[in-house]
Structure formats: structure tokens, C-alpha cells
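Fold and contact review
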Amino acid sequence: MSTENEGNAVPSAPSDPPTVPSSTSPSPSSAPGYQGAAPASAEGPTAADRPHQAPPPPPAHAPSVPPHGATGDPVGPSGPGSSSPYETPPAYGSAPAYNTPAPTPTPYGQNTGAPAGGVPAGGWPPPPPATPVWGAPVPPGAGQPAGRKRSGGLVAAVLIAALVAGGVGGGIGYWAAERGGISSTTVAAGDAPGSFKRDPGTVAAVANKALPSVVTIEAKSGGSGGAEGEGGTGTGFVFDKEGHILTNNHVVASAAEGGKLRATFSNGKSYVAEVVGRAEGYDVAVLKLRQAPSGLTPLPLGNSDRVAVGDSTIAIGAPFGLSNTVTTGIVSAKDRPVASGDGGSGASSYMSALQTDASINPGNSGGPLLDARGAVIGINSAIQSPGGGGLGQSQAGSVGLGFAIPVNQAQTVARQLIKEGQPVYPLIGATVNMTTDGGEGGARIADDGEGGSAAVSPNGPAAKAGLKPGDVITKFGDRTIDSGPTLISEIWTYKPGDKVSLTYERSGKSDTVEVTLDQRKGDR
């Protein structure tokens, strides 16, 4: 059966019996019935139906055919060019005819093994071999087709070939290596550069240069009987070569009266420090290292007035006690009015702050806020309280809203503290309401001053400019004023003696005057 006819109807047998092969063997392509034709059924023509047609004798050169059931070479082609007109290729999956006993053929028109009338057993031509039933099991011991070796033998042969090839290749490689004729193709990893320098202006380069000038401050309050009290952690940085450290007031406030202060550098060296001066209103403090080491490198100070929104920022500090932590961000806003408390004494501070989204947490306070060049542009001081609605230094953690004292203001205050030991505040000589929800649309001058004093100080800058209680200040210099804290924050960006234009409203009318700022020394 041809594999091309699997599952299809078997074609009918030829109407006439095939002719005896001539002296010249027909080629497989011209032999009738070679394409797998087989008897259609037992009802086809038999030799008994045609008595006048006796089978012709086999030709002289035809090979003898062993009787059915005899052993020996099977009927079938034994070499190139030989074929039988009745022979069909074995069915797909059936046992081959080569080297196996020939199956007992079934004569035309019968289902038994008896020879058909007039056709002796073993006569010529022999009847075609029986066609196996589709799906019938292969007889035991039958082999596979000649072109299909068993997979086990094939795999074994492949494995043996692979092993032989591997052995030969290994031998050749060893021989070549010994003779030095072939070099290795293995690529060696490149050696690490002896020195690695980061480009100036990168965060890594800026941080690497600034960290040796930043300190972690431990402040402990003085307890009864000389015992140490509660403490806290903050940050500071080297202000000058004499050992002055600039930080926030609220970082050292608890240790200012009888407490202990210690500053630790990034190299692990620690020094005892003492307070030189504090400014509660500005939230600035200056410390001095005892037995300060030589070779201190102050951080360079930038110009906070020239900072632009969107400039890169780098914050260094000890958030939650994790010293030498570096975070990055941008300047999110400028001149942000911020009023915050130290969480202890109840003193409030006011600043016209730089806002940044660099991560700032408790412990970052007092640390430097750097620009992309590594210059200080601010002192990290406060963060937005998540949920509390206020600003301060003791909130849970960063929400991307951090505030820094502009360095121009901070260095002015620091020099005052180093020189005089106390801060100097500019003022206009008027008391204003500090609420932010009064709806006035500005800073309203109170009816009465602190402790029952006059709201407008006699002969002060405001009185000389003609201001009265109830007036609403809407502009100071170039800055629009929307509340009392905003006015105080803006006033403290100036210096005593500066002349500033001031716009106010009274009875629905607006007027602009000029005031010369007065001063007050020390905290009250």
C-alpha cells in the first residue's frame, strides 16, 4: 500500500491478468500495479473462470520461486532494475520484505491458503502478497523499513560520533596548544582604571567635596544634679576656619542652658562644641568647636537672591540620625513665607524661605542646601506637616515640601552672633495681627500692642510714615503682603536702616509711603 493512499479507497484490480515479464525486466516506473494496486475483493476474475487461458511458462531467465512457506530469499526485488508486476511496497509501518520470510499469499478469489484452480502452488507468476489490514498490529519480530532505523540505534550512533569528534577535537587542540600554533580566543576582562574621577558638577562630585565640611550635632539638655537630660540630633556645617559651625537654633536650644553639644565629622572624628549665639526669630545658631582641628574647609556660600525656580538642589544631613545622607531635588519656589516653632520653648521663627522637594526629615535641620556647584544657598529648617496644616521641625517625615533659610540672610545673622553674641532684627515699629484667616487681604495693624502697649510705636518708622491702627498693609517693597507672618518674614530679609516703600489701605483708599527700618537687638 502506498503511503499516498492511506485512509483512501483501494483502486480496482486490472481487468486482464498481467503479462509475463519479458526478457528485459521492466523498470519500476513502467511496471503495472507498482503504485500499490491490489485486488479489490474476492469477487474478481479467477483462473477457473478462464480455462482457455493457461498461465504461460516462466521465461528461461526467471528465477525460481520457492514454494509457499519455504525459507530463503523472499520474492521481491533483489537489486537495481528488478521488480515484480504484482509486488506492492510495504504499508506504512509494516514489516519490510527484506531478510524476513515471505508471507503466505492468498490466491485471487479465495480467502484460504489453498492454491487456485489451474495455478499450481509455487507457479509463475506468483500471486500478489496479502495486503495488511489498516491498523492491524505488526507481526512480532518484524523489522522497520530499510530507510527507517530504530531511534535507539540512531541516537547511539550520534552519541558515539559526538564523543569521537570531541576526542579528536580535544586532541588536536592539545597538540596545537603544545606547539604554540594557536592562541586562545578567551577575552580577558579589562583592568579597572587606577583612578576614577567624576566630572565636576555631578551630585557625586559635589557631595564628595562637601561631606568633609558637614557635621552631625548631638544635643543633650542639662538634667538635675548634673545628669544628662533628653537629647536630639541635627546637622551643621563649617562656617569658617576658626571652627565656627552654622546650624538652626532649634537644633541646639535644648542644650543651650547647661547641656552638652558634640559635633562629629564624616571621618568619624568628634569634638565638643559650645553655643556662641542664637537667634530664635531667625532660627539660626552658631557653635564653636573646642580644640578645633587645623585644616578645616568652610563650605562656599552662594547668593540666594540669584537662585531661580528649577535650579538643582542637594541636601546633606542626618535624617533620623542617619549621618551624611545626601538627597537631591530642585528649587520649587522662592520667597515662601514660613512661620515655624521649635517644638519646645514655644518661640516662633519667620523666614522668607526657599522651597525644595529634596527629601528633608527630622535630623536634616541645620544642614546645608547646596546648588549644583556645591555652594550653600540655604539652611534646611522646616518641612510641611503631613495633615497638621502647619510648618515646623518635628513632623513625621518628608512629603516633598522642605523649606530653607536663604543663605544671604543666614550669613548676616551668623556674623552678628559671632561679633555681638545676639541677633539684630529690623522692624517698622507696629504690631500686626498674626492670623492668616482674617480675610483682610493683607497685614492689619492691631488695635493694641503687646502687653497693652501702643500698636504703633511713638516716633517709630510706622508712626513717622503716618500709619494708624486698623490700616492694612498690602505691599512691602516689591512683595505683595497677604498676612502678618508674610510681612514679618519679608521685613527680616532687610537690614536696619534700609528704606523701603510700603503700601496700605485705609477706609477703602490705598496710599504708598516710605519707611526707614529701625532695629531691635536680642530675643525677647
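Residues numbered from 1 in each chain as written. Predicted model: local features only at pLDDT ≥ 70, side-chain atom pairs only at ≥ 80, totals over all residues. Heavy atoms only, no water.

Details of the overall build of the protein
Of regular secondary structure, the protein possesses six helices and 20 strands. Burial statistics for the protein: of 524 residues in total, 35% are counted as buried. Put simply, of all contacts in the protein between residues at least 6 apart along the chain, 65% involve residues at least 24 apart. Entry remark: accessible area of the protein is about 29000 Å², with carbon and sulfur atoms responsible for 53%. (Helix = DSSP H or I, 4+ residues; strand = E, 2+ residues; numbered from the N terminus. Buried < 20%, exposed > 50% of the residue type's maximum accessible area, 1.4 Å probe, protein only. Contact = heavy atoms within 4.5 Å. Areas by Shrake-Rupley, 256 points an atom, 1.4 Å probe, with all protein chains shown as cover.)

Focus on the packing of aromatic side chains
According to the stated counting rule, one finds six aromatic pairs in the structure shown. Measuring from ring centre to ring centre gives 5.7 Å for Tyr350 and Trp492, while their planes differ by 75°; the resulting arrangement is edge-to-face. Note that Tyr350 is positioned in strand S9 (residues 348-356) and Trp492 in the loop between helix H6 (484-491) and strand S18 (499-506), a separation of 142 residues in sequence. What makes Tyr350 buried here is its relative accessible area of 16%. Here Trp492 falls in the buried class, since its relative accessible area comes to 11%. Aromatic side chains Tyr425 and Trp492 sit 4.8 Å apart centroid to centroid with 40° between the ring planes, which places their arrangement in the tilted category. One end of the pair, Tyr425, is in strand S14 (residues 424-427); the other, Trp492, is in the loop between H6 and S18, with 67 residues separating them in the sequence. Here the aromatic cluster, defined as three or more aromatic residues joined through ring pairs, consists of Tyr282, Tyr350, Tyr425 and Trp492. (Phe/Tyr/Trp six-rings, centres within 6.5 Å; stacked < 30°, edge-to-face > 60°.)

Concerning the nonpolar core
Inside soluble globular proteins, nonpolar side chains tend to come together where they are buried. Residues Leu246, Leu370, Ile428, Ile473, Phe476, Leu487 and Leu502 are the most contacted members of the largest nonpolar core, which totals 53 residues. The dominant element in this core, judged by the number of residues it contributes, is helix H4 (residues 407-420), at five residues. Here Leu246 is in contact with Gly236, Phe237, Phe239, Val284, Ala285, Val286, Gly366, Ile379 and Ala414, once residues within four sequence places are set aside. Formed by 17 residues, the second largest nonpolar core is a distinct cluster that contains Val215, Ile217, Val238 and Val251. (Core = buried A, V, L, I, M, F, W, Y, C linked by side-chain atoms within 4.5 Å.)

Describing the pairing of strand S16 (residues 472-476)
Across the five residues that make up S16, a large majority, four, are buried. Bridge analysis of strand S15 (residues 443-444) against S16 gives two bridges, and the strand direction is antiparallel. From the neighbouring strand, Ala443 faces S16, where its bridge partner is Ile473. With two bridges joining them, S16 and strand S17 (residues 479-480) adopt antiparallel strand pairing. Considered in S17, the bridge of Lys475 is made with Thr480. (Pairing = 2+ DSSP bridges.)

A few points about the side chain of Ser304
Relative to the elements of secondary structure, Ser304 occurs in the loop between strand S6 (284-289) and strand S7 (312-317). When sequence neighbours within four positions are dropped, the list of residues in contact with Ser304 reads Lys334, Leu354, Ile377, Pro406, Val407 and Asn408.

Digging into unusual backbone geometry
One non-glycine residue with positive phi stands out, namely Asp335, at about 55°. Looking at the secondary structure, you find Asp335 in strand S8 (residues 325-341). One non-glycine residue, Ser507, adopts positive backbone phi at about 50°. Within the element layout of this structure, Ser507 appears in the loop between S18 and strand S19 (509-516). By relative accessible area, which is 74% here, Ser507 ends up exposed.

Describing the environment of Ser365
Summarising the element assignment, Ser365 is placed in the loop between S9 and strand S10 (368-370). Measuring from C-alpha to C-alpha, the distance between Ser365 and Asn249 comes to 9.4 Å, with 116 residues separating the pair along the chain. Among the polar contacts made by the side chain of Ser365, one reaches the side chain of His250 at a distance of 3.0 Å. (Polar contact = N/O pair within 3.5 Å; in protein donor to acceptor, adjacent residues only side chain to side chain.)

Topic: the environment of Lys521
Note that Lys521 resides in strand S20 (residues 518-521). For Lys521 and Gln422, which are 99 residues apart along the polypeptide, the C-alpha to C-alpha distance reads 6.8 Å.

A short note on the side chain of His250
Along the chain, His250 turns up in helix H3 (residues 249-252). On the accessibility criterion, His250 (15% relative accessible area) is buried. A polar contact is formed between the side chain of His250 and the side chain of Asp283, at a distance of 3.0 Å.

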